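# A structural walkthrough
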Amino acid sequence: LRDLMRENINMLRQTSLVRALNQRFSEVEQQGGFATALVGTFFAPQRSLAVCNAGHPLPLVYRASESQWSPLERRPVDESKLVDIPLGIMNEVEYQMTETRLGVGDLVLGFSDALSESRDRKGQLLDVDGILRLVRKLDVSKPETLIPSLLDAILDESSENLSHDDLTVVLLQVTGTRSTIKDNLLAPFRLFGSADEQTGFRTE
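As a starting point, this report considers the structure included with it. Because the structure is a prediction, the values reported are computed rather than measured.

What follows concerns the overall build of the chain. In terms of regular secondary structure, the chain is built from six helices and eight strands. Counting from the amino terminus, helix and strand elements in the chain follow one another as α-α-β-β-β-β-β-β-α-α-α-β-α-β. Of all 204 residues assigned to the chain, the portion counted as buried reaches 40%. Element-wise, carbon and sulfur atoms account for 50% of the exposed surface of the chain, whose accessible area totals about 12,200 Å².

This is the structure we're talking about:
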């Protein structure tokens, strides 16, 4: 998997990477297992976030200009084809890319299904809509406190939540940091060399 990531690290479109991950996972997983994945690229010069989803809960996006959280909009799916399903289920699957422009101060919240499969006080699955309901009540002025506050809110719904599955939560914030002229000029040459870290995001 690391080799595949190294091969694709400088590519803005990650659909080929996710297809390759699916094929590789299918080869090594012969016992009927599967995995979900969310692969994204942030292109700092255009503040563009491209996300490729393999059966994973979609991220939530906070637009600072609107002071509003919403789910990342997904492109329409052709129901006649196998699209964006988890890795390792089928070899021939199409993965599409969703792209959105972000502004300075915007937040992107990604999370594993340990959150979306948690339950509310009535025993119903929270799903993405339930996570959205909870996160809209939180203070975004201090992003470093948002994840702990969200986890506390989920545990308030039920003490059994977050205890039965692996948990991953990632919060990204657009800082407005720009790539230097030198970095932009050297970018084409990096396609043939080692990967270089993109700027413009802070990760909590």
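What follows is about the packing of helix H4 (residues 127-135) against helix H5 (residues 146-157). Contact pair H4 / H5: the axes reach a minimum separation of 10 Å and the direction vectors enclose 115°. Where H4 crosses over H5, the two elements pack in a sense that is right-handed. Residues Ile131, Arg133, Leu134 and Val135 of H4 form the contact with H5, whose own contacting residues are Leu146, Leu150, Ala153, Ile154 and Glu157. Residues that form the contact of H4 with H5 fall into these classes: seven nonpolar, no polar and two charged.

With four bridges joining them, strand S3 (residues 60-63) and strand S4 (residues 68-71) adopt antiparallel strand pairing. Paired with Val61 across the bridge in S4 is Ser70. Counting the residues in the hairpin turn of S3 and S4 gives four residues, including Ser67, whose phi is positive at 50°.

This next bit is on unusual backbone geometry. Of note, the phi angle at Asp84 is positive, near 60°, even though the residue is not glycine. By secondary structure assignment, the location of Asp84 is in the loop between S4 and strand S5 (97-101). Look at Asp84 and you get buried, because its relative accessible area is 5%. For Asp127, which is not glycine, the phi dihedral falls at a positive 60°.

Tracing the backbone through its elements, the reader meets Asn91 in the loop between S4 and S5. In this structure, the C-alpha to C-alpha distance between Asn91 and Ala20, residues 71 residues apart in sequence, is 9.5 Å.

The grouping of Glu117, Asp127, Asp129, Asp165 and Asp166 at the surface amounts to a negative patch. Following the sequence through the fold, Glu117 ends up in the loop between helix H3 (113-116) and H4.

Now for the nonpolar core. Ranked by internal contacts, the top residues of the largest apolar core, which has 22 residues, are Leu60, Trp69 and Leu109. Listed by contribution, the elements that provide at least two residues to this core are S3, strand S6 (107-111), H4, H5 and strand S7 (169-174). Tallying contributions element by element places H5 first for this core, with six residues. Excluding anything up to four places from it in sequence, Leu60 contacts Trp69, Ser70, Pro71, Leu107, Val108, Leu109, Phe111, Val128, Ile131, Leu132 and Val135. Judged by nonpolar contacts, the second largest core, of 13 residues, contains Leu21, Ala37, Leu87 and Val93.

This next bit is on the environment of Ser116. Assignment of secondary structure puts Ser116 in helix H3. The sequence separation of Ser116 and Leu58 amounts to 58 residues, and the corresponding C-alpha distance is 10.0 Å. Leave out the neighbours within four places in its chain, and Ser116 touches Pro57, Phe111, Leu125, Leu126, Asp127, Val128 and Ile131.

Turning our attention to H5. Between its first and last C-alpha atoms H5 spans 17 Å; for 12 residues at 1.5 Å apiece the expected length is 16 Å, and the two agree. Of all the positions in H5, only Leu146, Ile147, Leu150, Leu151, Ala153, Ile154 and Glu157 are classed as buried. One side of H5 holds all its buried residues, which, seen down the axis, span an arc of 160°. On its buried face, H5 is in contact with S4, S6, H3, H4 and S7.

Calculation rules
Residues numbered from 1 in each chain as written. Predicted model: local features only at pLDDT ≥ 70, side-chain atom pairs only at ≥ 80, totals over all residues. Heavy atoms only, no water. Helix = DSSP H or I, 4+ residues; strand = E, 2+ residues; numbered from the N terminus. Buried < 20%, exposed > 50% of the residue type's maximum accessible area, 1.4 Å probe, protein only. Areas by Shrake-Rupley, 256 points an atom, 1.4 Å probe, with all protein chains shown as cover. Axes fitted to C-alpha atoms, helices over the stretch in contact; angles between N-to-C directions. Left-handed = near helix turned anticlockwise from the far one by under 90°. Contact = heavy atoms within 4.5 Å. Nonpolar A, V, L, I, M, F, W, Y, C, P; charged D, E, K, R; others polar. Pairing = 2+ DSSP bridges. Patch = residues over 30% accessible without salt bridge, like charges linked within 9 Å, V, L, I, M, F, W, Y side chains within 5 Å. Salt bridge = Lys/Arg side-chain N within 4 Å of Asp/Glu carboxyl O. Lys, Arg positive; Asp, Glu negative; His and termini not counted. Charge placed at Lys NZ, Arg CZ, Asp CG, Glu CD. Core = buried A, V, L, I, M, F, W, Y, C linked by side-chain atoms within 4.5 Å. Expected span 1.5 Å × (residues − 1). Arc of directions from axis to C-beta.

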